[in-house]
Amino acid sequence: MDKLKVYYNSACPVCNAGIRGQKQRMDGCPADVQWIDIHSQPDALKEIGAQQEFVRERLHVVDEKGELRVGTEALRALWAHTPGQGALAWLTGLPLLDLLSKWVYNAFAALLYAWNRANHRW
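Enquirer: Hey, could you run me through the packing of helix α1 (residues 13–26) against helix α5 (residues 95–118) in this one?
Expert: In a packed pair of helices, the relevant descriptors are the angle between the two axes and the axis-to-axis distance. Axis separation between α1 and α5 bottoms out at 9 Å; the angle between their running directions is 125°. Taken together, the axis directions place α1 and α5 in an arrangement best described as oblique. Taking contact as the criterion, the partners of Pro13, Val14 and Cys15 in α1 are, on α5, Phe108, Leu112, Trp115 and Asn116. Here the contact of α1 with α5 is built from residues that sort into six nonpolar, one polar and no charged.

Below, the structure is given as structure tokens:
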């Protein structure tokens, strides 16, 4: 059984909704997923040596090989284990789509982070 650790920020309503949806899609899949909310469990960040502000901005996943994945790579790690989303993981890993998905993800993450800061969510 594959073991994944997902580090996410529940203080962001958009992020929290995305994680809830991902949990539902992964319900019953063979992967063993540990969902770690860094808003309520900030000490868990010591496991990956990441700053809380960086994890507030970008999704972090420790994959089945124990490798830390961030941003689009983190999403791909989840999608690869999610029923019906394996093709999405593969497609976004193709060179041109990888570059495009990283650009879109990073731009959206920066805007979302700024929006959350402006709304005093942390």
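Enquirer: What is the right way to look at the side chain of His60 in this model?
Expert: In this fold, His60 is placed in strand β3 (residues 60–62). Relative accessible area serves as the criterion here: at 1%, His60 is assigned to the buried category. Within the structure, the side chain of His60 is placed 2.8 Å from the backbone oxygen of Arg58, a separation counted as a polar contact. Not counting residues up to four positions away in its chain, the partners in contact with His60 are Lys5, Val6, Tyr7, Ile48, Ala50, Phe54, Val55, Leu68, Arg69, Val70 and Ala74.

Procedures and definitions
- Residues numbered from 1 in each chain as written.
- Predicted model: local features only at pLDDT ≥ 70, side-chain atom pairs only at ≥ 80, totals over all residues.
- Heavy atoms only, no water.
- Axes fitted to C-alpha atoms, helices over the stretch in contact; angles between N-to-C directions.
- Helix = DSSP H or I, 4+ residues; strand = E, 2+ residues; numbered from the N terminus.
- Parallel < 35°, antiparallel > 145°, perpendicular 65-115°, else oblique.
- Contact = heavy atoms within 4.5 Å.
- Nonpolar A, V, L, I, M, F, W, Y, C, P; charged D, E, K, R; others polar.
- Buried < 20%, exposed > 50% of the residue type's maximum accessible area, 1.4 Å probe, protein only.
- Polar contact = N/O pair within 3.5 Å; in protein donor to acceptor, adjacent residues only side chain to side chain.

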